[in-house]
Amino acid sequence: MDKKRLPFILILLTLFWLSCSPSSDAVEGTAAQSGIVDLRILETTDLHASLVNYDYYQTKVDNRIGLVKTATLIHEARNEVKNSLLFDDGDHLKGNPLGEYLARIRGIRKGKIHPVYRAFNYLQYDAIAIGNHEFNYGLDFLKAALKGLNMPVLNANVYSVKKNKPYFTPYVILKRKVVDRSGAQHELKIGVIGFMPTQILKWDKANLEGKVIAKPIVETAKEYVPMIKAEGADIIIALAHTGISSEPYIPDTENAVYYLTKIPEIDAILAGHSHSVFPGPVFKTIANTNMERGQINGKPVVMAGAFGNHLGIIDLQLSITEGKWKVLNSTSLTRPIVDENGKSVVRTNKGLYKLVKPEHEETVDFIKKLGL
Ligand SMILES: [Zn+2]
């Protein structure tokens, strides 16, 4: 070899090595990230017909409530991530004059959809749970209201007396394309199941007696989750319209979340019913709770207050090895629509407001006519 040219060749080789090495790091980095999926689960719960940021009793704007506000948080939370799902945890039809006006005065017009469910379609919820208050206006009204809803309506523990079968769809397996950290696509099969307190038979005796029965939540969960797994679900999410308590277990507990977290196949729990916020100080005495991560017994749990005042978020980190998905880690949190002084921190979703405005204005007019 020409000795004069050797240094030149060495420089070229060094340059080549330098130019290669960062990209080989990048390749290794990408390999480590492939098969890791960040999945965000969003929750609204106990909306109680609070679609608009309005107090019908005092006939004035109230920015501490209203899905038109939470909707902005939903859009923001979706835009921050590649993969997300949105669920409602029940008790969405009754609880304010708009709900009352539609159920008891005006009714649902033929071919029209209840504004709560119109809002759910607009925001593209992936599935919803039925809560105990959905029975307050009777089963016929609920059936009529649900017409035109574009998503699964879930509950596993309310059974039809006549058919001895679940009254609603007990669970679904949603198939969703998800993108992992390296940008590769995977199909994820997400089992979703709904529950509510058995006390409905007491609270809504007149509407429900002889028509439906309610089975204990935890026993029902234990019966169904192996079936959902056997059908191919990679993960299971519980839409648990029930509260959080670590009191000794009784089958008819109204607050079953703590015991649902102990069922191995359940990966995430959306709680509700008690209008509280989890993670949050109200639950600091609950055993085996990691308030920082929002976990109970190591399982992610979230409860998003009520009336749309919070959005619930569970961020799951999943990994796939040899075709099997596993939850690596999770963080639960809630985002409020107002700050600690009650000042609005989010804009109103104008599209949603426009969509529910007719019934909102009818309700306001009706109240005015009553002279309340
Ligand atoms: Zn409830």
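Residues numbered from 1 in each chain as written. Predicted model: local features only at pLDDT ≥ 70, side-chain atom pairs only at ≥ 80, totals over all residues. Heavy atoms only, no water.

Student: How do you make sense of the pairing of strand β17 (residues 299-304) when you look at a structure like this?
Tutor: Side-chain positions along a regular strand alternate between the two faces of the sheet. For β17, a buried count of six out of six residues is recorded, marking the element as mostly surrounded by other parts of the structure. By the alternation rule, side chains of β17 split into Lys299, Val301 and Met303 and Pro300, Val302 and Ala304, which are all buried. Relative to β17, strand β13 (residues 268-271) runs parallel, the two being bridged by three bridges. When the sheet's bridge partners are listed, Leu270 is paired in β17 with Val302. Two strands pair when backbone bridges link them, and strand β14 (residues 277-278) and β17 are joined in this way by two bridges, in the antiparallel orientation. Of the residues in β17, the one forming a bridge with Phe278 is Met303. Connecting the antiparallel pair strand β16 (residues 295-296) and β17 is a turn made up of two residues, with Asn297 showing a positive phi of about 50°. (Buried < 20%, exposed > 50% of the residue type's maximum accessible area, 1.4 Å probe, protein only. Helix = DSSP H or I, 4+ residues; strand = E, 2+ residues; numbered from the N terminus. Pairing = 2+ DSSP bridges.)

Student: Explain the coordination of the zinc ion to me, please; I cannot follow it from the model alone.
Tutor: Angles between donor atoms at a metal ideally measure 109.5 degrees for a four-coordinate tetrahedral arrangement and either 90 or 180 degrees for a six-coordinate octahedral one. For the zinc ion, the full set of protein donor atoms is Asp91 (OD), Asn132 (OD1), His241 (NE2) and His273 (ND1), and the range of their distances to it is 2.1 to 2.3 Å. In this structure, the zinc ion is surrounded by four donor atoms whose angles at the metal cover 86 to 162°, and the resulting shape is irregular. One chain supplies every donor to the zinc ion, and in sequence these donors are spaced D-x40-N-x108-H-x31-H. Of the two residues, Asn132 is situated in the loop between β5 (127-129) and α5 (139-146) and His241 in the loop between β12 (235-240) and α9 (257-260); the sequence distance between them amounts to 109 residues. Under the relative-accessibility criterion, Asn132 is labelled buried at 4%. Residue classification places His241 among the buried residues on the basis of a relative accessible area of 0%. (Donors = N, O, S within 2.8 Å, 3.2 Å for Na, K, Ca; no water. Tetrahedral: all angles 85-135°; square planar, octahedral: opposite > 155°, others 65-115°.)

Student: Just checking my understanding: could you explain unusual backbone geometry for this structure?
Tutor: Most of the time, phi is negative for any residue but glycine, and the peptide bond is trans. Look at the link from Phe278 to Pro279: it is a cis peptide, with omega at 0°. Positive phi outside glycine occurs at Asn297, with the angle close to 50°. Mapped onto the fold, Asn297 is located in the loop between β16 and β17.

Student: Honestly, the nonpolar core in this entry has me stumped. Any pointers?
Tutor: Taken as a class, soluble globular proteins show a tendency for nonpolar side chains to be buried jointly. The biggest cluster of nonpolar side chains holds 53 residues, and the ones touching the most others in it are Leu67, Tyr117, Phe120, Tyr125 and Phe135. Every element with two or more residues in this core is listed here: α2 (67-79), α3 (97-106), α4 (115-123), α5, β11 (212-214), β18 (310-321) and α10 (350-370). Examining the composition of this core, we find that six residues originate from one element, α2, more than from any other. Not counting residues within four places of it along the chain, the set of residues in contact with Phe120 comprises Leu47, Leu67, Asp88, His92, Tyr125, Ile128, Leu149 and Met151. (Core = buried A, V, L, I, M, F, W, Y, C linked by side-chain atoms within 4.5 Å. Contact = heavy atoms within 4.5 Å.)

Student: Where do I start with the side chain of His186 in this structure?
Tutor: Mapping His186 onto the fold places it in strand β10 (residues 185-195). Polar side-chain contacts of His186 include one of 2.8 Å to the side chain of Asp180. Other than its neighbours up to four places away in sequence, His186 contacts Gly35, Val37, Arg176, Lys177, Val178, Asp180, Ile320 and Trp325. (Polar contact = N/O pair within 3.5 Å; in protein donor to acceptor, adjacent residues only side chain to side chain.)

Student: Please clarify how the side chain of Asp46 should be interpreted in this entry.
Tutor: As for its placement among the helices and strands, Asp46 is situated in the loop between β1 (36-44) and β2 (54-55). Here Asp46 occupies a buried position and makes no salt bridge, while the nearest side chain of opposite charge, Lys94, is found at 12 Å. The residues touching Asp46, leaving out its near neighbours within four places in the chain, are Gly90, Asp91, His241, Gly272, His273, His275, Gly305, Ala306 and Phe307. (Lys, Arg positive; Asp, Glu negative; His and termini not counted. Salt bridge = Lys/Arg side-chain N within 4 Å of Asp/Glu carboxyl O.)

Student: Can you walk me through the pattern of salt bridges in this structure?
Tutor: Counting across every chain of the model gives 13 salt bridges. Glu80 is the partner of Arg335 in a salt bridge, and the nearest nitrogen-oxygen pair spans 3.0 Å. You can see Arg335 sitting in strand β19 (residues 324-336) and its partner Glu80 sitting in the loop between α2 and β4 (84-88), a full 255 residues away along the chain. Judged by relative accessible area, Glu80 falls into the partly exposed class, the value being 48%. Residue Lys357 is joined to Glu361 by a salt bridge in which the shortest nitrogen-to-oxygen separation is 4.0 Å. Taken together, the positions of Lys357 and Glu361, both in helix α10 and four residues apart, correspond to about one turn of that helix.

Functional significance is not addressed by these values, which are geometric in nature.
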